[in-house]
Amino acid sequence: MLGLTKYGADVLVKYAIVVAVVVSCSLIFLEAGWIQYSILGLAFLLTVFVLNFFRDPERTTPRAENVVISPADGKVVLIKELFEGEYLQADAVQVSIFMSPLNVHVNRFPISGTVGFYRYIPGEYLVAFEDKSSEKN
């Protein structure tokens, strides 16, 4: 079943309020014509885009041992070795995945295990193709 991610609920509520106000004003204050139809069409297209962005489809993953699945939809744009000095204090492999606006924007666990360290870093909203975007977004 195709669901929506709970993490986008606040955005969806704000979006729905804005769209409801714009559409209502369009219907109340504008006569039927190309301007009103353009506003309604744009509202519809943006709604489809927003719902598509926040979709969270069910996934069936392989149940084999020693399998790593992709944690996100998109395209692998970088694989590099680096020294991770905050938690591991060791060499590690960074895999960066670019998600276009059309990809499912839900991240999943690529392997089974226990999370040993977690730190939230507020994003800086850099464009995704910049080198530092995987560290700062």
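The rules we used
- Residues numbered from 1 in each chain as written.
- Predicted model: local features only at pLDDT ≥ 70, side-chain atom pairs only at ≥ 80, totals over all residues.
- Heavy atoms only, no water.
- pLDDT = per-residue confidence, 0-100.
- Helix = DSSP H or I, 4+ residues; strand = E, 2+ residues; numbered from the N terminus.
- Salt bridge = Lys/Arg side-chain N within 4 Å of Asp/Glu carboxyl O.
- Buried < 20%, exposed > 50% of the residue type's maximum accessible area, 1.4 Å probe, protein only.
- Patch = residues over 30% accessible without salt bridge, like charges linked within 9 Å, V, L, I, M, F, W, Y side chains within 5 Å.
- Areas by Shrake-Rupley, 256 points an atom, 1.4 Å probe, with all protein chains shown as cover.
- Expected span 1.5 Å × (residues − 1).
- Arc of directions from axis to C-beta.
- Core = buried A, V, L, I, M, F, W, Y, C linked by side-chain atoms within 4.5 Å.
- Contact = heavy atoms within 4.5 Å.

## Comments concerning the confidence of the model for the chain
Here is step 1 of the chain: Put simply, the chain has an average pLDDT of 87, and 98% of its residues get 70 or more.
Here is step 2 of the chain: Per-element mean pLDDT across the chain ranges from 71 in strand β1 (residues 2–4) up to 93 in helix α2 (residues 34–53).

## Structural notes on the pattern of salt bridges
Here is step 1 of the chain: With the rule as written, the count across this model stands at three salt bridges.
Here is step 2 of the chain: When the shortest N-O distance is used, the salt bridge between Arg 59 and Asp 73 registers 2.9 Å. Taken together, the positions of Arg 59 in the loop between β2 (55–57) and β3 (75–84) and Asp 73 in the loop between β2 and β3 put the pair 14 residues apart, joining distant regions of the chain.
Here is step 3 of the chain: Classification of Arg 59 by relative accessible area gives partly exposed; the value is 37%.
Here is step 4 of the chain: Residue classification places Asp 73 among the partly exposed positions, given a relative accessible area of 22%.
Here is step 5 of the chain: Among the salt bridges present, the one from Glu 86 reaches Arg 119, with a minimum N-O distance of 2.6 Å. With Glu 86 in the loop between β3 and β4 (90–98) and Arg 119 in the loop between β4 and α3 (133–136), the pair connects residues that are 33 residues apart, well separated along the chain.
Here is step 6 of the chain: Judged by relative accessible area, Arg 119 falls into the partly exposed class, the value being 45%.

## Comments concerning a nonpolar patch on the surface
Here is step 1 of the chain: Together, Ile 28, Phe 29, Leu 30, Trp 34 and Ile 35 give the surface a local cluster of nonpolar side chains, amounting to about 620 Å² of exposed area.
Here is step 2 of the chain: For the nonpolar patch, the secondary structure elements donating two or more residues are α1 (9–29) and α2.
Here is step 3 of the chain: Mapped onto the elements of the fold, Leu 30 is located in the loop between α1 and α2.
Here is step 4 of the chain: For Leu 30, a relative accessible area of 33% gives the class partly exposed.

## A look at α1
Quick reminder: α-helices carry 3.6 residues per turn. Residues three or four places apart thus point the same way.
Here is step 1 of the chain: Its 21 residues give α1 an end-to-end C-alpha distance of 30 Å, which sits within 8% of 30 Å, the value for a rise of 1.5 Å per residue.
Here is step 2 of the chain: Of the residues making up α1, those classed as buried are Leu 12, Tyr 15, Val 19 and Ser 26. Angular distribution of buried residues about the axis of α1 spans 65°; they occupy a single face of the element. Summarising the geometry of α1, the exposed residues directed more than 90 degrees from the buried face are Val 13, Lys 14, Ile 17, Val 18, Ile 28 and Phe 29.

## With respect to the nonpolar core
Here is step 1 of the chain: Within the largest apolar cluster, six residues are counted, these being Leu 12, Tyr 15, Val 19, Ala 43, Val 50 and Phe 54.
Here is step 2 of the chain: Breaking this core down by element, the ones donating at least two residues are α1 and α2.
Here is step 3 of the chain: No other element matches α1, which puts three residues into this core.
Here is step 4 of the chain: Excluding its chain neighbours within four sequence positions, the residues that come into contact with Leu 12 are Leu 4, Val 50, Leu 51 and Phe 54.

## A few points about the environment of Phe 109
Here is step 1 of the chain: Tracing the sequence through the fold places Phe 109 in the loop between β4 and α3.
Here is step 2 of the chain: Residue classification places Phe 109 among the exposed positions, given a relative accessible area of 65%.

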